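Residue-level structure breakdown
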Amino acid sequence: MGDLLSSGPAPRARLRELLAGPGPVVAPGAYDALSARLVEQAGFDVVYMTGFGTTASLIGRPDVGLLSGTEMVDNARRIAAAVDVPVIADADTGYGNAINVVRTVQSYEQAGVAGVHIEDQVMPKKCGHMSGKAVIGADEMVGKIRAAVSARRDPDFVVIARTDAAAVEGLDAALERARAYAEAGADLLFVEAPTSEDDIARVAGELAGVAPLVFNWAEGGRTPPLPLDKIAALGFSLVLFPIGTLLAATAGIRSLLATLRADGTPAAALGDVPSFDEFTDLIGLPEIRTLEQRFGA
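Quantities reported herein were computed from a predicted structural model and do not represent experimental measurements.

Things to note about the overall build of the chain
- Helix and strand content of the chain: 13 helices and 8 strands.
- A compact globule built from 297 residues should have a C-alpha radius of gyration of about 19 Å, and the chain, at 20 Å, falls within 12% of that.
- In terms of overall dimensions, the chain has C-alpha extents of about 55 × 45 × 35 Å along its principal axes.
- With 297 residues in all, the chain has 47% of them scored as buried.
- In the chain, of all internal contacts separated by at least 6 residues, the share reaching a separation of at least 24 is 72%.
- Computed over 25 positive and 38 negative side-chain charges, the separation of the two mean positions in the chain equals 5 Å.

Quick word on helix α11 (residues 244-263)
- In this model α11 runs 29 Å from its N-terminal to its C-terminal C-alpha over 20 residues, within 8% of the 28 Å that 1.5 Å per residue would give.
- Once α11 finishes, Gly 264 follows within two positions and takes phi at roughly 95°, a positive value.

Details of the packing of aromatic side chains
- Here the structure, examined in full by the defined rule, presents 2 aromatic pairs.
- Seen from their ring centres, Phe 215 and Phe 236 are 5.3 Å apart, and the 75° between their planes marks the pair as edge-to-face. Pair noted here: Phe 215 is in strand β7 (residues 214-216) and Phe 236 is in the loop between α10 (228-234) and β8 (238-241), with a separation of 21 residues, a long-range link. Here Phe 215 and Phe 236 have matching classes, each one buried.
- Ring centres 5.3 Å apart and planes at 35° place the aromatic pair Trp 217 and Phe 241 in the tilted group. With Trp 217 in the loop between β7 and α10 and Phe 241 in strand β8, the pair connects residues that are 24 residues apart, well separated along the chain.

Considerations on the sheet that holds β7
- In space, the 8 strands of this open sheet follow the order β6-β5-β4-β3-β2-β1-β8-β7, with parallel pairing throughout. Looking along the sheet, the strands with just one partner apiece sit at the ends: β6 (188-191) and β7. Along the sheet, successive strands turn relative to each other by an average axial angle of 25°, direction set aside.
- Bridge analysis of β7 against β8 gives 3 bridges, and the strand direction is parallel. Each residue of the ladder has a partner; that of Asn 216, found in β8, is Leu 240.
- Packing against the sheet, helix α1 (residues 11-19) makes contact with β1 (25-30), β3 (87-90), β5 (158-163), β6 and β8, and its axis sits at approximately 55° to β5.

Observations concerning the side chain of Asp 90
- For Asp 90, the position within the fold is in strand β3.
- The charged side chain of Asp 90 is buried without a salt bridge, its nearest counter-charge being Lys 125 at 4.5 Å.
- Of note is the side chain of Asp 90, whose polar atom sits 3.4 Å from the backbone nitrogen of Gly 51.
- With residues near it in sequence (within four places) discarded, Asp 90 still touches Tyr 48, Met 49, Thr 50, Gly 51, Met 72, Tyr 95, Tyr 108, His 117 and Glu 119.

Quick look at the nonpolar core
- Counting residues in hydrophobic clusters, the biggest one holds 58 residues, and the most contacted among them are Tyr 108, Val 113 and Leu 189.
- In this structure Leu 189 touches Ala 161, Ala 178, Tyr 181, Ala 182, Leu 207, Val 210, Ala 211, Pro 212, Leu 213 and Val 214, once residues within four positions along its chain are discounted.
- Formed by 16 residues, the second largest nonpolar core is a distinct cluster that contains Val 46, Ile 88, Val 158 and Val 214.

What to know about the packing of helix α8 (residues 171-183) against helix α9 (residues 197-206)
- Relative to each other, α8 and α9 sit at 30°, their axes nearing to 11 Å. Compared by their axis directions, α8 and α9 come out roughly parallel. Pair α8 / α9 crosses with right-handed handedness. In this structure, α8 uses Leu 171, Asp 172, Leu 175 and Arg 179 to contact α9, whose residues at the interface are Asp 199, Arg 202, Val 203 and Glu 206.
- Here the contact of α8 with α9 is built from residues that sort into 3 nonpolar, no polar and 5 charged.

Here's the deal with the side chain of Arg 177
- Looking at where Arg 177 falls in the secondary structure, it is placed in helix α8.
- Note on Arg 177: relative accessible area 5%, which makes it buried.
- Of note is the side chain of Arg 177, whose polar atom sits 3.1 Å from the side chain of Asp 120.
- Each residue touching Arg 177, except ones within four places of it in the same chain, is listed here: Asp 120, Val 135, Ile 136, Gly 137, Ala 138, Thr 163, Ala 165 and Glu 169.

Conventions and cut-offs
Residues numbered from 1 in each chain as written. Predicted model: local features only at pLDDT ≥ 70, side-chain atom pairs only at ≥ 80, totals over all residues. Heavy atoms only, no water. Helix = DSSP H or I, 4+ residues; strand = E, 2+ residues; numbered from the N terminus. Rg over C-alpha atoms; globule rule 2.2 N^0.38 Å. Buried < 20%, exposed > 50% of the residue type's maximum accessible area, 1.4 Å probe, protein only. Contact = heavy atoms within 4.5 Å. Lys, Arg positive; Asp, Glu negative; His and termini not counted. Charge placed at Lys NZ, Arg CZ, Asp CG, Glu CD. Expected span 1.5 Å × (residues − 1). Phe/Tyr/Trp six-rings, centres within 6.5 Å; stacked < 30°, edge-to-face > 60°. Pairing = 2+ DSSP bridges. Axes fitted to C-alpha atoms, helices over the stretch in contact; angles between N-to-C directions. Salt bridge = Lys/Arg side-chain N within 4 Å of Asp/Glu carboxyl O. Polar contact = N/O pair within 3.5 Å; in protein donor to acceptor, adjacent residues only side chain to side chain. Core = buried A, V, L, I, M, F, W, Y, C linked by side-chain atoms within 4.5 Å. Parallel < 35°, antiparallel > 145°, perpendicular 65-115°, else oblique. Left-handed = near helix turned anticlockwise from the far one by under 90°. Nonpolar A, V, L, I, M, F, W, Y, C, P; charged D, E, K, R; others polar.

So this is what it looks like as structure tokens:
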């Protein structure tokens, strides 16, 4: 898992294989290389690089378009290098027009990720489960998707088209946009933030056969938290759990700091966290020792 001398299967081909399987692919969110390694070690087949979590972890701010494409790609590169499983990354709006999207896709591909999703929001964007979103014209987004598909050098690189139009123009418009994005060559369709089970069922029913579908199980977001078996029955191919790891890390850090503040030391909280040796093992110290013996470092 994330070995320095790994020779595992090609992540992009593996992602295509997983998406073609019978059940939905579950992709927990990771906001840095450590959380990505934990996702992989927990036995998941795909890591999702969350833009919300990347923004929170890098600059401690909300997901309102504050990070540049370069900062996002840099984080994606570190995450992809830390694990052997495929990484799907948030690429926001593509960071500009269709020409910018060409560079964005090529940069993410060079960073080692297996796929990206690009959305039709106006720059600067907002988290898909926040209010106050705005979307670009459908024709402009079609051009961005066509550019993204043309820009990839590896045909296995997955391009996911996300529409945020449901909250702005209504679900009918979002479904119409999704069909247009599929015609433009998107590999998967991502209708963001449906707010009822009926709307989720409409997305699944009306886009069945158009392209594989993404379900964003945003923890605490506006979409109803359906059980995985129901999501599978509806026919979704990819399920993102974007920020649970970030929220759990925040809760853990808060708890330890509260103990430190109250007691003067963190001793009372250390029984709930990995030991020093456990932690160095999970981040790969035994592998480093093996390499030292092999290469005489």
